[in-house]
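Now for the letters of each chain:
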Amino acid sequence: MAVSGKVVHYDANRGFGFLAPESGGADVFLHINDIDIDEADLKPGAKVSFDVEETDRGAKAINVAVTEAAPADESSGGRPHRRDDHGGRDRDHGRRDDHGRRDDRPRRPRGGGGGSLDAAGFTDEVTELLLDADVDLTARQIVEIRRRITDFAVARGWVLD
C-alpha cells in the first residue's frame, strides 16, 4: 500500500536518508539500493509516495516516487551539509572522545550564546550526529533515539516546539 510523505533527509554521499509519512508515525529509512529515481530529487521537503517494507532492522522505503519537488526555500541553499559546515571529517584535530573516536566538532559555550533551533532543526542535527557516531545504528534505533532526545529537549525548553 502506497504511503505519501516528505523527504526529511537524504545524504547522497552515504546513499541513505529518511522519509516522513504524511499520516505521522516514525520516519522510514531510505537506501540507495531500494530506489530507481534520480537522487538529486531527494531534497528535504520533496513530496514522495512509497511502500514500506518491514525488515529485521526496521521499516524501509521501497518503490519511491517523487510526486512534487522540494520547495525552493528548502532545497536551494538552505543549511549546508554538516561536513560542509566544518571543512570535512578528513581533518584530524587530535581530539578523541572516551571511545577513541575522532571528535572534531567545534566546541560551543554551554548555557546560551548559541542561538535556538526549532524541533525540526534540532531533529536534523541529532540525526546527523547519530549518523556520524556509529555506522552500525539501525534506522529503527536512530529514529527512536532522536525522538527521545528531541522530546527531552523540548520538555526542558532547550528547543522551540
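Structure: see above.
Since this is a predicted model, take the numbers as computed values, not measurements.

J.: Lay out helix α3 (residues 119-133) with the relevant residues and their values.
T.: Under the 1.5 Å per step criterion, the end-to-end length of α3 is 21 Å for 15 residues, consistent within 8% with the ideal 21 Å. Among the residues of α3, those classed as buried are Ala-119, Gly-121, Phe-122, Thr-123, Val-126, Thr-127, Glu-128, Leu-130, Leu-131 and Asp-132.

J.: I'd like a rundown of the nonpolar core, residues and numbers included.
T.: Counting residues in each nonpolar core, the largest one holds 15 residues, and the members touching the most others are Phe-18, Phe-29, Phe-122, Leu-130, Ile-142 and Val-159. If you tally residues by element for this core, the top one is α3, at five residues. Each residue touching Leu-130, except ones within four places of it in the same chain, is listed here: Leu-137, Ile-142, Ile-145 and Arg-146. Core analysis: the second largest hydrophobic core is formed by 14 residues, Leu-19, Leu-30, Ile-35 and Ala-46 among them.

J.: Lay out unusual backbone geometry with the relevant residues and their values.
T.: Positive phi values are uncommon outside glycine, yet Asn-63 reaches one of about 55 degrees. Among the secondary structure elements, Asn-63 is positioned in strand β5 (residues 58-68). Accessibility expressed as a relative area gives 52% for Asn-63, which makes it exposed.

J.: Explain the packing of aromatic side chains to me, using residue names and the numbers behind them.
T.: On inspection of all chains with the given rule, the structure shows three aromatic pairs. When the centroid spacing of 5.5 Å and the interplanar angle of 35 degrees are considered together, the rings of Phe-16 and Phe-29 count as tilted. Here Phe-16 is found in strand β2 (residues 16-21), whereas its partner Phe-29 is found in strand β3 (residues 28-31), with 13 residues between them in sequence. Exposure class is identical for Phe-16 and Phe-29. Each is buried. Summarising the aromatic geometry, the rings of Phe-152 and Trp-158 are spaced 5.3 Å apart at their centres and angled 75 degrees between planes, so their arrangement reads as edge-to-face. Relative accessible area serves as the criterion here: at 38%, Phe-152 is assigned to the partly exposed category. Three or more aromatic residues link up through ring pairs in this structure, and these residues are Phe-16, Phe-18 and Phe-29. In this structure, Arg-146 packs its charged tip against the face of Phe-18, placed 5.1 Å from the ring centre.

Rules and cut-offs
Residues numbered from 1 in each chain as written. Predicted model: local features only at pLDDT ≥ 70, side-chain atom pairs only at ≥ 80, totals over all residues. Heavy atoms only, no water. Helix = DSSP H or I, 4+ residues; strand = E, 2+ residues; numbered from the N terminus. Expected span 1.5 Å × (residues − 1). Buried < 20%, exposed > 50% of the residue type's maximum accessible area, 1.4 Å probe, protein only. Core = buried A, V, L, I, M, F, W, Y, C linked by side-chain atoms within 4.5 Å. Contact = heavy atoms within 4.5 Å. Phe/Tyr/Trp six-rings, centres within 6.5 Å; stacked < 30°, edge-to-face > 60°. Lys NZ or Arg CZ within 6 Å of the ring centre and 35° of its normal.

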